[in-house]
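These are the residues of each chain, in order.
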2 protein chains.
Amino acid sequence: MVTVSTSTAPVRSYHHGDLRSALVEAGLKALETTPLNDLSLRQIARDVGVSATAVYRHFPDKAALLSALAAEGIAQMAQQQRDAAATAAPAQAFAATGRAYVRWALAHPALFRLVFGQCQEVGQTVFGDNDAARMLRDYAQGITGDEAGAQRLMLQAWSLVHGLAMLMLDGQLPADDGLIDRVIDAETLFRT
Amino acid sequence: MVTVSTSTAPVRSYHHGDLRSALVEAGLKALETTPLNDLSLRQIARDVGVSATAVYRHFPDKAALLSALAAEGIAQMAQQQRDAAATAAPAQAFAATGRAYVRWALAHPALFRLVFGQCQEVGQTVFGDNDAARMLRDYAQGITGDEAGAQRLMLQAWSLVHGLAMLMLDGQLPADDGLIDRVIDAETLFRT
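Note that the structure is predicted; figures quoted are calculated from it, not measured.

### Notes on the overall build of chain A
Now for step 1: Summing up its helical and strand segments, chain A has 10 helices and zero strands in all.
Now for step 2: Secondary structure elements of chain A occur, N-terminal to C-terminal, as α-α-α-α-α-α-α-α-α-α.
Now for step 3: In chain A, which comprises 192 residues, the proportion classed as buried is 36%.
Now for step 4: Residue pairs at least 24 apart in sequence account for 63% of intrachain contacts in chain A once pairs closer than 6 positions are excluded.

### Considering the packing of helix H4 (residues 62-87) of chain B against helix H5 (residues 93-107) of chain B
Residues and elements named next belong to chain B.
Now for step 1: Direction vectors running N to C along H4 and H5 enclose 140 degrees, while the axes themselves pass 8 Å from each other. Looking at the two axes, H4 sits oblique to H5. For H4 against H5, the interelement crossing comes out right-handed. For the pair H4 and H5, the contacting residues are Met77, Gln80, Gln81, Ala84 and Ala85 in the first and Ala93, Ala96, Thr97, Arg99, Ala100, Tyr101 and Trp104 in the second.
Now for step 2: Considered class by class, the residues forming the contact of H4 with H5 number eight nonpolar, three polar and one charged.

### Overview of the domain arrangement of chain A
The figure often quoted for interface size is the accessible area lost as the parts come together.
All names here are of chain A.
Now for step 1: The domain architecture assigned to chain A consists of domain 1 (12-60) and domain 2 (70-183).
Now for step 2: Each of domain 1 and domain 2 has a C-alpha centre, and the two are 29 Å apart.
Now for step 3: At the interface, five residues of domain 1 touch four residues of domain 2.
Now for step 4: Residues that form the side of domain 1 that touches domain 2 fall into these classes: four nonpolar, no polar and one charged.

### A closer look at the relation of the copies chain A and chain B
Now for step 1: When chain A is fitted to chain B, the best match, at an RMSD of 0.0 Å, comes from turning it 180 degrees and sliding it 0.0 Å along the axis. Such values leave the two copies arranged in the relation of a two-fold axis.
Now for step 2: Of all interface residues in chain A, 100% are interface residues in chain B too; the two copies therefore contact each other through one and the same surface.

### Examining the interface of chain A and chain B
Now for step 1: Every contact between the two is made by 27 residues of chain A and, on the other side, 28 residues of chain B.
Now for step 2: Considering each element in turn, the side of chain A that touches chain B owes the most residues, 11 residues, to helix H9 (residues 147-169) of chain A.
Now for step 3: Taken together, the residues of the side of chain A that touches chain B sort by class into 12 nonpolar, 10 polar and five charged.

### Description of the environment of Ser21(A)
Now for step 1: Position of Ser21(A) among the secondary structure elements: in helix H1 (residues 16-33).
Now for step 2: Taking the C-alpha atoms as reference points, Ser21(A) and Ala68(A), separated by 47 residues in sequence, lie 10.0 Å from one another.

### Regarding the packing of helix H8 (residues 131-144) of chain B against helix H9 (residues 147-169) of chain B
Residue and element names in this part refer to chain B.
Now for step 1: At a minimum axis separation of 8 Å, H8 and H9 run at an interaxial angle of 120 degrees. One way to sum up the angle between H8 and H9 is to call them oblique. The two elements H8 and H9 cross, and the hand of that crossing is right-handed. Two secondary-structure elements touch here, H8 through Leu136, Arg137, Ala140, Gln141, Ile143 and Thr144 and H9 through Glu147, Gly149, Ala150, Leu153 and Met154.
Now for step 2: Split into classes, the residues belonging to the contact of H8 with H9 amount to six nonpolar, three polar and two charged.

### Here's the deal with the confidence of the model for chain A
Now for step 1: On average, residues of chain A score 88 in pLDDT, and 87% of them are at 70 or above.
Now for step 2: Note on residues 1-8 of chain A: pLDDT under 50 across the span, and three contacts to partners over four residues away in sequence or across chains.

### What to know about the nonpolar core
Now for step 1: Core analysis: the biggest nonpolar cluster contains 107 residues, and Val161(A), Leu164(A), Ala165(A), Val161(B) and Ala165(B) have the highest contact counts within it.
Now for step 2: Apart from residues lying up to four places away in sequence, Val161(B) is in contact with Gly163(A), Gly98(B), Tyr101(B), Val102(B) and Ile184(B).

### Describing H5(B)
Residue and element names in this part refer to chain B.
Now for step 1: The end-to-end C-alpha distance of H5, which contains 15 residues, comes to 21 Å, matching closely the 21 Å that a straight helix rising 1.5 Å per residue would cover.
Now for step 2: In terms of burial, H5 is a largely internal element, 12 of the 15 residues being buried.
Now for step 3: Listed in full, the buried residues belonging to H5 are Ala93, Phe94, Ala95, Ala96, Thr97, Gly98, Arg99, Ala100, Tyr101, Val102, Trp104 and Ala105.

### Quick look at the environment of Ala78(A)
Now for step 1: Secondary-structure assignment places Ala78(A) in helix H4 (residues 62-87).
Now for step 2: The spatial distance from the C-alpha of Ala78(A) to the C-alpha of Asp131(A) is 8.7 Å, given a sequence separation of 53 residues.

### Points about the environment of Asn37(B)
Now for step 1: Turning to its location among the elements, Asn37(B) is positioned in the loop between helix H1 (16-33) and helix H2 (41-48).
Now for step 2: With 153 residues separating them in the primary sequence, Asn37(B) and Phe190(B) have C-alpha atoms 39 Å apart.

How each quantity is defined
- Residues numbered from 1 in each chain as written.
- Chains lettered and ligands numbered in written order.
- Predicted model: local features only at pLDDT ≥ 70, side-chain atom pairs only at ≥ 80, totals over all residues.
- Helix = DSSP H or I, 4+ residues; strand = E, 2+ residues; numbered from the N terminus.
- Buried ≥ 20, exposed ≤ 12 C-beta atoms within 10 Å, placed from the backbone.
- Contact = placed C-beta atoms within 7 Å.
- Axes fitted to C-alpha atoms, helices over the stretch in contact; angles between N-to-C directions.
- Parallel < 35°, antiparallel > 145°, perpendicular 65-115°, else oblique.
- Left-handed = near helix turned anticlockwise from the far one by under 90°.
- Nonpolar A, V, L, I, M, F, W, Y, C, P; charged D, E, K, R; others polar.
- Domains from an automatic or database assignment.
- Least-squares fit on C-alpha atoms with pLDDT ≥ 70 in both.
- pLDDT = per-residue confidence, 0-100.
- Core = buried A, V, L, I, M, F, W, Y, C linked by C-beta atoms within 7 Å.
- Expected span 1.5 Å × (residues − 1).

Rendered as structure tokens:
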């Protein structure tokens, strides 16, 4: 077993908030190539060029880092959904958020699995009291006209886009961009 | 490390086909309690009471056993869908197959993950040339009236039920039996 002395690692200097951002960014980058089990705080410290001790001040353990990465993933996904809705025709806006969900998942497979496999609080985020959730609820209510129907529509839509993303990520369906448009089709989905 | 001599293991006698069935049954049972990574042919041999050599005659490696377990899982799931369709009102038959999909997933989480996480050939099974696939295609075509629409409807329905199953298995939505009925609702899903 090789013990790496942290005192010999290159040490860079960060302002407090900057270091946290740098660590999250390094974690997201590591997630693209490193299996989740192999991700370590020590590795992230090396990538960023600080001591393990400096990392522990922000993330006392690996779970804390993963939770921060998942939060960042959720925020990115919500932003991509808002952007997609903003540029779509009004009648297509709700479907556009669903397509953005699947496309984000395909672009960030490991982060998507981290968000939905490990973070029990996502459901609350998706249906909670935040901008993206409010936007989706408004769309759903605009389509169904009542709150119970909107709640059901959101669950149906979430299930559909989540399932399409998983089936494509697991190789059950081709990760084909045109297929995303055909399956998430505002004309044929959901009677109201 | 403890080495178990297979010659001291209890040895039972099986007809050729019976042993294969017994091994698959033991594998399915082991899957309920043992993480996939820890599942071993040696353990299955012990569970069934035969030598490892006897197991290798049917399954040369773990991948071959897992493939057989997945095939059994797909068959069970298809049977549960057929049973659900047979006992549902005609207008509810297609939705009933979707509910059966989710309920089967919740009842067999490890096998469900094995089938859809590891078996690239499932898509072909679901849309292939077999009884269950033909039944689903007939329902879809009966609803949409044309083949292209039926293909899209099947992809939408598969995505929706798969997503609902995954969100419930991963704890994002409560694994609530009534919720399955509300989300997979023939009255509100899919314009045709």
